[in-house]
Structure formats: C-alpha cells, structure tokens
Protein chains: 2
Amino acid sequence: MKYRKALNQWLDRLLMRSELSTRERDAVLALPCDLVEVSANRDFVRLGDHTTHACLVTDGLVGRFAQTADGERQITALHVPGDMVDLHSVVSPAATSALQAIGRTTIVRVPHMALKRTADELPELGRAFWRDCVVDAAILATWVINVGHRPAAARVAHLICELAVRYAAIGLANGQSFPFLLTQSQLGETTGMTSVHVNRMIAQLRERRLLAWRSRMIEIVDWPGLRTLAGFDPLYLSLPEDLLRRIYALFGTSRRMTAA
Amino acid sequence: MKYRKALNQWLDRLLMRSELSTRERDAVLALPCDLVEVSANRDFVRLGDHTTHACLVTDGLVGRFAQTADGERQITALHVPGDMVDLHSVVSPAATSALQAIGRTTIVRVPHMALKRTADELPELGRAFWRDCVVDAAILATWVINVGHRPAAARVAHLICELAVRYAAIGLANGQSFPFLLTQSQLGETTGMTSVHVNRMIAQLRERRLLAWRSRMIEIVDWPGLRTLAGFDPLYLSLPEDLLRRIYALFGTSRRMTAA
DNA sequence: CGACTGATTGAGCGATTTCAAGGGTTGTGG
DNA sequence: CCACAACCCTTGAAATCGCTCAATCAGTCG
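Residues numbered from 1 in each chain as written. Chains lettered and ligands numbered in written order. Predicted model: local features only at pLDDT ≥ 70, side-chain atom pairs only at ≥ 80, totals over all residues. Heavy atoms only, no water.

Here we look at the protein's contact with DNA strand D
Right, on to step 1. Surrounding DNA strand D, one finds 14 residues, the nearest of these being Gln184(A), Asn199(A), Arg206(A), Ala152(B) and Thr194(B).
Right, on to step 2. A share of 69% of the atoms of DNA strand D within 4 Å of the protein falls on sugar and phosphate groups.
Right, on to step 3. In this structure, a phosphate oxygen belonging to DNA strand D sits 2.8 Å away from a side-chain N or O atom of Arg206(A).
Right, on to step 4. Note that a phosphate oxygen of DNA strand D is positioned 3.1 Å from one of the side-chain N or O atoms of Thr194(B).
Right, on to step 5. Of all the secondary structure elements, the ones that give two or more residues to the surface near DNA strand D are helix H7 (195-207) of chain A together with helix H7 (195-207) of chain B. (Near = heavy atom within 4 Å. Polar contact = N/O pair within 3.5 Å; in protein donor to acceptor, adjacent residues only side chain to side chain. Helix = DSSP H or I, 4+ residues; strand = E, 2+ residues; numbered from the N terminus.)

Things to note about the interface of chain A and chain B
Right, on to step 1. Facing the 39 residues of chain A at the interface are 40 residues of chain B.
Right, on to step 2. Carbon and sulfur atoms make up 73% of the surface buried where chain A meets chain B, a total of about 3,600 Å² over both sides.
Right, on to step 3. Looking only at chain A, the three residues that lose the most surface to chain B are Val91(A), Trp130(A) and His149(A), adding up to 23% of its buried area.
Right, on to step 4. Inspection of the region where chain A meets chain B yields 2 salt bridges.
Right, on to step 5. Across the pair Asp120(B) and Arg127(A) runs a salt bridge whose closest N-O atoms are separated by 2.8 Å. (Contact = heavy atoms within 4.5 Å. Buried area = accessible area lost by both parts, 1.4 Å probe. Salt bridge = Lys/Arg side-chain N within 4 Å of Asp/Glu carboxyl O.)

A closer look at the packing of helix H3 (residues 112-121) of chain B against helix H4 (residues 123-149) of chain B
Residue and element names in this part refer to chain B.
Right, on to step 1. Following both chains from N to C, one finds H3 and H4 inclined at 125°, their axes separated by 5 Å at the closest point. By the criterion of interaxial angle, the relationship of H3 to H4 is oblique. Where H3 abuts H4, its residues Leu115, Thr118, Ala119, Asp120 and Glu121 lie against Pro123, Leu125, Gly126 and Phe129.
Right, on to step 2. Of the residues that constitute the contact of H3 with H4, the class distribution is 5 nonpolar, 2 polar and 2 charged. (Axes fitted to C-alpha atoms, helices over the stretch in contact; angles between N-to-C directions. Parallel < 35°, antiparallel > 145°, perpendicular 65-115°, else oblique. Nonpolar A, V, L, I, M, F, W, Y, C, P; charged D, E, K, R; others polar.)

Considerations on helix H2 (residues 22-29) of chain A
Right, on to step 1. Taken residue by residue, H2(A) has Glu24(A), Ala27(A), Val28(A) and Leu29(A) as its buried positions.
Right, on to step 2. Against the buried residues of H2(A) lie helix H1 (4-17), helix H3 (112-121) and helix H4 (123-149) of chain A. (Buried < 20%, exposed > 50% of the residue type's maximum accessible area, 1.4 Å probe, protein only.)

A closer look at the sheet that holds strand S1 (residues 34-38) of chain A
Residues and elements named next belong to chain A.
Right, on to step 1. Judged by pairing direction, the sheet is antiparallel, and its 3 strands sit side by side in the order S1-S7-S3 without closing on themselves. Each edge of the sheet is formed by a strand with only one pairing partner; in this case those strands are S1 and strand S3 (53-59). Each strand axis lies, on average, 35° off the axis of its neighbour in the sheet, ignoring direction.
Right, on to step 2. Bridge count for S3 against strand S7 (residues 105-111) is 6 bridges, and the pairing is antiparallel. The residue of S7 that forms the bridge with Asp59 is Thr106.
Right, on to step 3. Set on the sheet, H1 makes contact with S3 and S7; between it and S3 the angle comes to about 95°. (Pairing = 2+ DSSP bridges.)

Some words on the side chain of Thr51(A)
Right, on to step 1. Looking at the secondary structure, you find Thr51(A) in the loop between strand S2 (43-45) and S3.
Right, on to step 2. Setting aside residues no more than four positions away along its own chain, Thr51(A) makes contact with Val45(A), Ser89(A), Pro93(A) and His112(A).

Thoughts on the nonpolar core
Right, on to step 1. By size, the foremost hydrophobic cluster in this structure holds 104 residues, and its most contacted members are Ile160(A), Phe178(A), Ile160(B) and Phe178(B).
Right, on to step 2. With residues near it in sequence (within four places) discarded, Ile160(B) still touches Phe178(B), Phe180(B), Ile202(B), Leu205(B), Leu211(B), Ile218(B) and Leu226(B).
Right, on to step 3. Membership of the second largest hydrophobic core comes to 58 residues, among which are Ala128(A), Cys133(A), Val90(B) and Leu115(B). (Core = buried A, V, L, I, M, F, W, Y, C linked by side-chain atoms within 4.5 Å.)

Examining the relation of the copies chain A and chain B
Right, on to step 1. Of the two same-sequence chains, chain A is brought onto chain B (RMSD 0.0 Å, axial shift 0.0 Å) by a rotation of 180°. Put plainly, the chains are arranged around a two-fold axis.
Right, on to step 2. Both copies present the same face, since 100% of the interface residues in chain A are matched by interface residues at the equivalent positions in chain B. (Least-squares fit on C-alpha atoms with pLDDT ≥ 70 in both.)

What about helix H6 (residues 184-191) of chain B?
Right, on to step 1. Regarding H6(B), the residues found buried are Gln186(B), Leu187(B), Gly188(B), Thr190(B) and Thr191(B).
Right, on to step 2. Buried residues along H6(B) sit against H4 of chain A together with strand S5 (73-79), H4, helix H5 (152-169), H7 and strand S9 (211-214) of chain B.
Right, on to step 3. Of the residues trailing H6(B), Gly192(B) is marked for its positive phi of about 75°.

Comments concerning the protein's contact with DNA strand C
Right, on to step 1. In the region of DNA strand C, 13 residues are neighbours, and Thr194(A), His197(A), Gln184(B), Asn199(B) and Arg206(B) sit closest.
Right, on to step 2. At 2.8 Å, a side-chain N or O of Gln184(B) approaches a phosphate oxygen of DNA strand C.
Right, on to step 3. Put simply, the parts of the chain that give the surface near DNA strand C at least two residues each are H7 of chain A together with H7 of chain B.
Right, on to step 4. The biggest single contributor to the surface near DNA strand C is H7(B), with 4 residues.
Right, on to step 5. For the surface near DNA strand C, the class distribution of residues is 4 nonpolar, 6 polar and 3 charged.

Description of the sheet that holds strand S3 (residues 53-59) of chain B
Residue and element names in this part refer to chain B.
Right, on to step 1. Judged by pairing direction, the sheet is antiparallel, and its 3 strands sit side by side in the order S1-S7-S3 without closing on themselves. The open sheet is flanked by strand S1 (34-38) and S3, the only strands paired with a single partner. Put simply, the sheet's adjacent strands are angled 35° from each other on average, direction ignored.
Right, on to step 2. Along the sheet face, helix H1 (residues 4-17) touches S3 and strand S7 (105-111) and points at about 95° away from the line of S3.
Right, on to step 3. Seen against the sheet, H3 touches S3 and S7 and runs at an angle of roughly 55° to S7.

A short note on the environment of Leu159(A)
Residue and element names in this part refer to chain A.
Right, on to step 1. Along the chain, the position of Leu159 falls in helix H5 (residues 152-169).
Right, on to step 2. What makes Leu159 buried here is its relative accessible area of 2%.
Right, on to step 3. Sequence-wise, Leu159 and Leu187 are 28 residues apart; in three dimensions their C-alpha atoms are separated by 8.7 Å.

Remarks on the packing of H1(A) against H4(A)
Residue and element names in this part refer to chain A.
Right, on to step 1. Between H1 and H4, whose axes approach to 10 Å, the crossing angle comes to 80°. By the angle between their axes, H1 is roughly perpendicular relative to H4. Note on element contacts: H4 touches H1 through Ala128, Phe129, Arg131, Asp132 and Val135, opposite Trp10, Arg13, Leu14 and Arg17.
Right, on to step 2. The residue makeup of the contact of H1 with H4, split by class, is 5 nonpolar, no polar and 4 charged.

Section: the pairing of strand S4 (residues 62-67) of chain B
Within a regular beta strand, the side chains point alternately toward one face of the sheet and then the other, so they alternate between its two faces.
Residue and element names in this part refer to chain B.
Right, on to step 1. A large share of S4 lies buried, amounting to 5 of its 6 residues.
Right, on to step 2. Looking at chain direction, S4 and S5 are connected through 6 bridges and run antiparallel. The residue of S5 that forms the bridge with Gly63 is Leu78.
Right, on to step 3. In this antiparallel pair of consecutive strands, S4 and S5, the connection spans 5 residues, and Gly71 shows a positive phi of 85°.
Right, on to step 4. By the bridge criterion, 4 bridges tie S4 to strand S6 (residues 98-101) in an arrangement that is antiparallel. Bridge assignment links Phe65 to a residue of S6, and that residue is Ala98.

Written out as structure tokens, the structure reads:
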C-alpha cells in the first residue's frame, strides 16, 4: 500500500493498547487509503456531515470543534500524528462535531467499509478499534474534570502535561521539548478561558520556571513541579508502564541549571 | 433468563441507535446476568478495579466520579435506567473512574466473556455495543462544552434539558415531570460549580418560570424557554427523529397556566 | 422530639472576563 | 531583501461572575 508510513503510525498506536497477532497487524497495514493535505484552519469535516472514511493524522494537529448557540467555540479533542481522529465514525457516520486542521496537516483517509470488513474477519482487531474509542472517551472525561474543577493555572498546565506525554509517546519529543502548535486563544478555547487569562497563566508558569515556550515548541523545565501543579496522573492515557517510565525519565532527568 | 426486564430495557436502548435482527435481539435477551442492589452513595466500582462484568442500571441513578489531586470530586457521567454504565469495560477492564449509586439503585451485571462471545458471533451486534460507547463519548464531549463555555445558569439548564430528554426517551417522564435524583451539591459536582451557586441559578430558573422542582421531580414549565437559555440541541444524544418529536410534543404542549 | 441532611439567603472577597491599547513576529508580495 | 499587513502576544484597569464563609430554615428519618 502507498501510505504505509501512516498506517504504521496507527499500528504503533494500536499496539500501545492492544496485543495484535501478525495476521491482525498485516491486516491493518493492508488497509486501503488515500492522502489529503489540509491547509491551516480549514474544516475538513463539518457538523452533520455523513462521512464514509475515517481520518488518520500523519503530520500536523487536528482539533475537534464544537459550538454553543451563541457562537462560542470549544475544542473538545486534539489529535496528534498516529491518531485516528474519528474512528467512531465507522459506527456512527453522522459527525456530531467539526474537525479542523490546526496548522498545515496531512491526513490519510481509510474507508469505513474496509475497516468494517477487517473488523468482522478479525474480531480481536475490531475490539482494538473499539478500545481506541474508549481511550478517547477517557481523555474526554479527564477534560471534563479539568475544565470543571481545576483553577486556571492548573488547567493550562494539565493540558500541557497531557500533550507532552502524548508527543513523547509517539517519539516526537526532542529531549524535554515538544511541538506546541496551538495559539494562546486556541489554548483558551480548549481550557475554557479567555486568551488574555491564558496568557497570564502561561506567564506564571514561566516565572515559576516550570516551562519555556518559544517558536511553537514547549520545553519542560521542571516536570515534577508542572505535574504537581496540574495534578496530572497519566493513567487515563492507557500507555504501557515501561513507555511511561521512559517518558518520565526523559522529562525528569537533567533538570536545567539555568538561573541561579 | 431471570432478569429479562432489565435486558429488555437495554435492548430498547440499543434499538434506539442500531437496527438489530431477530437473532441479534434474542442474543441480547439470552445474556447471562445477575442482580445487585446498591444502597445510596455507595461505590460499586472503584478507581483501578479490574472488572469482569459490565453493569446495567435497571432502577435508580448511577454517577461516574473522578477526583482531582486535591480531593475535589467531579461527576463525569450520569446513567439512567437502561444504560449499560461501563460497557467500555469489555475492552478496557481497568476502571479509570469510580461508579457510585445516587440513591438506592438496582444493577444487573453481565459477564464480559458473554458479551465478547456474543459480539464475535454477531458482528453487527458487536458494532451496536461499540456504537453505544461512541454515543456516551458524544455526551461527554457536550459536557466539556457545557462546563467550559457556558455561563452558570445555562450550564444547569443544559444538564436539566439533557436529563429531561433522556428520561422521556425511556418512558419515565410523567407529563412534563421527570425524576431528578441529584442533590444540589451533586448538581454542582457535575456542572463544576458550588452548591450555593447552583442554588441561586435554580432560583433564577424558577423565577423565570422555566421549571419547578420539588420532592425529587423536576417539572418543565417552559420548554422552549429552557432550551433557549441552555442552548440545548439534542443531536448528540443520537435519538431517532420521531422519538425526539414525541418528546418535544410532550414537553412543549399545554404550557402551564399557573400564576397570573 | 431531636439529629441529620439538604435548601436557602446574605455579605464580602477573589478569580476571571472585558475592554482597550501597544509591541512583536511571521509571512507575503513587491 | 525590505515593507507591510495580519496575526499573535502582552499588559493595564475596571467590571462581573462565581466562590467562601456563615447562618438559618425545611424536610426526613429514627
């Protein structure tokens, strides 16, 4: 198949949460698909669309957007490379929210039909698909707590912790730094606060020497400190124990010695 | 089977979102299960438990509870009769949050093994299970918007609208009234606000003659008004069009004439 | 009849938003 | 390569919303 790299990213993701036989792995890699480039800030799935394909992010960042009646936008999910953004659309093709590329993004589309057929033939793989949706729901539940019951600084810190771990898990963290493609207003749209207040909270996190943020990268300066402030417990991400340990080692070691 | 009534409730639920053949329906009704009574405010699944059964609510109300590091509790989901509370545990048995009965509740437990076997034999039914989890996730996404981007009064109103529709959908609304088993503090725990402030918002909703609340029942007084204030759009509940129309008719007709 | 739990109300405080304006960065076209 | 425009970040001051603390009232269960 043509876009083997993308399918491999997804397979790696599935393998973090499910054990798959060789046959099942091969079936994933043999899925038909096609590639779409989406430019920044473009919706590629709109509310109410009836989709026929599921979208896999290979490169870039995708946000799931919802809207209140008075036009306020809220980001309810973020998807990094390797995420199948709307795997759920296989069983529920009518989109209940819009999908937008945040910055230029590469998408690989896989037909629902192919996914269904494969899942029917290999029930254990079907369960892996289902499990992936369940983990997404667990992330969502954590966002509810975050937005509902955490003070502003912790809210921002928690999202940053989550993205740090998710980027590290897919090998896109560079030492203690990872890509952070959101603007501060978008960060506000996901944490339920004003861009102004996001800015002040970020300033706090910087002052406390917990992180540094420049040119679309965030550097974790004090991982334990950030984690504590955020009340971050990565259990809900369902990552393998050893991977998690490696990530923590990556972020935690060699505390920076900057500033007296 | 012994608890056919409970399984029938669940089957009805599944049929709202999936078309099932006679064989598939029979398979659902033939599932093995056992019954558990849970007294008020008791956790029957704890964080981190490895479960072997999925829990179906037959009677009462169940809340999914999460906790922040500093002990604040947040309710991330509510489950009414007919809901399979943790169907997702079939593919992900380690509980990522606790389940608590809100008031005395009757649970029917179905073994994961039986659900898996049935799903393997009848792939379309397996997809119905998966779909159910997807709808739960859609509800969760809506809660994120609610808690993140709506002012307090609308937040409370939105939850009330959702529960009104969900109770009506399972035939438990009595005219314009439906059971409301949460205390005001619990309502605060789900909407991310203090019980004091919940109280004031409820008072507002009463003053504006949108609803009445007494002895564990809420009566919808002005459905269009409540819906508008809440910005409520039931799309995310994935209910059949005609059922929804019937529910709206039920709530909307015969506006109450009380009080000059 | 107490003892409890839940609902209600008031006053003061603090967190977050709003409004507003200025400075920096990035990308683009000349 | 520069100039410009657009967008993003940053900061301040005032207003608002929701929280905390505290007390009282109303049902409910033994």
